Structure formats: C-alpha cells, structure tokens
Amino acid sequence: KSLAYLIPALLSGKKVVVATATKALQDQLAEHDLPLIEGHLDAPFTYAVLKGRNNYLCRQRLLEGAEAGEQGTLEESKTPIRPRDEEVQTILRWAETTETGDRAELPMEPDERVWSGFSVAADECPGAFRCPSGGNCFAEAARAKAASADLIVTNLHLLGAHLASGDLVLPEFDALVVDEAHELEEVLS
C-alpha cells in the first residue's frame, strides 16, 4: 500500500509529508520503499526522515559526558563488564562514525536509561542558537534536510506536536498522507 501513495505523492510536484504511527514503518519507507522507487520515476526526487529530537544523538550531551568522565572509556578492572557498560561503549564507538546520529542506526536497541544519557527531549534542548554544539546538531541537520526534501517521512507524534505548536515543528508542506490512520485519534489525543 505504501507504493500506492508514495508514487502519486512524488509525481504530484508538491511537498508532501507522510506520517506513520511507528518509527519502524518510517524506517521501512526510508530504507526499502523509497529506494525501490528511486530510478523508476522520470522525475528525480529527494526525501528525508524526521523523528523526534530524542531519537538523535546529542553532541553536547556526548561532549559534557566525556568532559565529566561519565561516558569515557571503561578502565580495565577485575569487575566484569555489565550489559549497560557494553551498551555505552557501543554507542560511543557508533558516535565516532555516524553521519545522522539516528538511534535507528545503532546495531542494538539501547536501554532507555542508557540512551537518555546521549540524547535530549525537545523540552530539554536549549535550541540550536543557544547550544554550544548547535552548529553540529544531528536533530537540526535532520530538520534542515527535511526542509529541502520533496517528501518528508515522519510519525504521528511529531505531526501532533506540529499541529499543537501552530505549525512550528515540521517544515511547510502542501499535502499530508497519514498511513496507519486508525492510530491517528489515539496518538493525537
């Protein structure tokens, strides 16, 4: 069904937002469905995935943790490495190479408590202009990419935040496709 709305959306010449109920469907669209369509349409197109801020690695949190020594390398000791320590080390290694900072790229799903040390929620973020790492912010880079894309893949939670904020969260768009619309009322309420 996704191809049935993606192809007309891309051929419309309009800036389109596709909102899904889950991040898993967002990732499916971006990693499988849209790449499948690329090269098969006469008109080239661009797309971007936009998730909530807490889905992206926060460079400032990473820097502050490293400076405080809280997330530095594990020292050799006689104590066995706990699973959470391994998660921290996996995230730190990934942080050195990631281009998007998107949590979905991690080779494992980190414990929420571990991930919260590497990300910030929207209400915790001072904003790109007030943050010392704002110029390198993964979440802001994702927003900039979305602003210039022909099609934006997001989720219903972010759409709800956009509507509640008076249209301040998502870039301007001409058309909206709601996939998994049966979830819309519950998510938005």
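Before any of the text, the structure's been laid out above.
No experiment lies behind these values; they were computed from the predicted model shown.

Help me understand the overall build of the protein chain in this model?
Scanning the protein chain for helices and strands turns up eight helices and four strands. Across its three principal axes, the protein chain shows a C-alpha extent of roughly 60 × 35 × 30 Å. Looking at the protein chain residue by residue over its 189 residues, the buried ones come to 43%. Sequence separation of 24 or more characterises 75% of the internal contacts of the protein chain that already satisfy a separation of 6 or more. Approximately 11200 Å² of the protein chain is accessible, and the part contributed by carbon and sulfur atoms is 52%. Considering the protein chain, the positive charge centre built from 17 side chains and the negative charge centre built from 32 side chains are found 4 Å apart.

What is the right way to look at the sheet that holds strand 3 (residues 151-155) in this model?
Whenever strands of a sheet pair, they do so through backbone hydrogen bonds, lying parallel or antiparallel. Strand order in the open sheet made by the four strands is 2-3-1-4, with parallel pairing throughout. Only two strands of the sheet have a single partner each, and these edge strands are strand 2 (47-49) and strand 4 (175-178). For this sheet, the mean angle separating the axes of adjacent strands, direction not counted, is 20°. Alignment of strand 1 (residues 16-20) against strand 4, held across four bridges, turns out to be parallel. Residue pairing across strands places Val16 opposite Ala175, the latter belonging to strand 4. Helix 2 (residues 23-37) rests against strand 1, strand 2 and strand 3 of the sheet, and its axis sits at about 155° to strand 3.

Sorry, what's going on with the pairing of strand 3 here?
Across a regular strand the side chains alternate sides, sitting on one face of the sheet and then on the other. Burial of strand 3 is extensive: five of the five residues sit out of reach of the surface. Covered by surrounding structure in strand 3 are Leu151, Val153 and Asn155 together with Ile152 and Thr154, the residues of both alternating faces. Judged from the five bridges that link them, strand 1 and strand 3 form a sheet pairing that is parallel. Bridge pairing links Val17 to Ile152 in strand 3.

Sorry if this is basic, but what is going on with the pattern of salt bridges here?
If the charged atoms of two oppositely charged side chains come close together, the side chains can form a pair. Throughout the structure, instances matching the rule amount to eight salt bridges. The closest approach of N and O atoms between Asp102 and Lys51, which form a salt bridge, is 3.1 Å. Taken together, the positions of Asp102 in the loop between helix 4 (83-95) and helix 5 (112-115) and Lys51 in the loop between strand 2 and helix 3 (59-68) put the pair 51 residues apart, joining distant regions of the chain. The class for Lys51 is buried, based on a relative accessible area of 4%. Overlapping salt bridges bring together Asp27, Lys51 and Asp102 as one network.

Cut-offs used in this document
Numbers given to residues run from 1 along each chain, matching the order in which its sequence is written. The predicted origin of the model limits local features to residues at a pLDDT of at least 70 and limits the giving and counting of side-chain atom pairs to 80 or more, whereas totals for whole chains, interfaces and linings rest on all residues. Calculation of side-chain values draws on the structure's entire complement of heavy atoms; hydrogens and water are dropped beforehand. Counting from the N terminus, the helices are the DSSP runs of H or I reaching at least four residues and the strands are the DSSP runs of E reaching at least two. Residue burial is assigned from relative accessible area. The probe radius is 1.4 Å, only protein chains are included, and a residue is buried under 20% of its type maximum, exposed over 50%, and partly exposed in between. Here a residue-residue contact requires only that any non-hydrogen atoms of the pair lie within 4.5 Å. Only the protein chains shown count as cover for residues, and the accessible areas themselves come from Shrake-Rupley with a 1.4 Å probe. Only four residue types enter the charge count: Lys and Arg as positive, Asp and Glu as negative, with His and the chain ends excluded. A single reference atom marks each charge: NZ on Lys, CZ on Arg, CG on Asp, CD on Glu. Here, strands pair whenever DSSP counts at least two bridges between them. Between N-to-C directions, angles span 0 to 180 degrees; the directions come from axes that are lines fitted to C-alpha atoms, helices contributing only their stretch in contact. Here, a salt bridge means any side-chain nitrogen of Lys or Arg that lies within 4 Å of a carboxyl oxygen of Asp or Glu.

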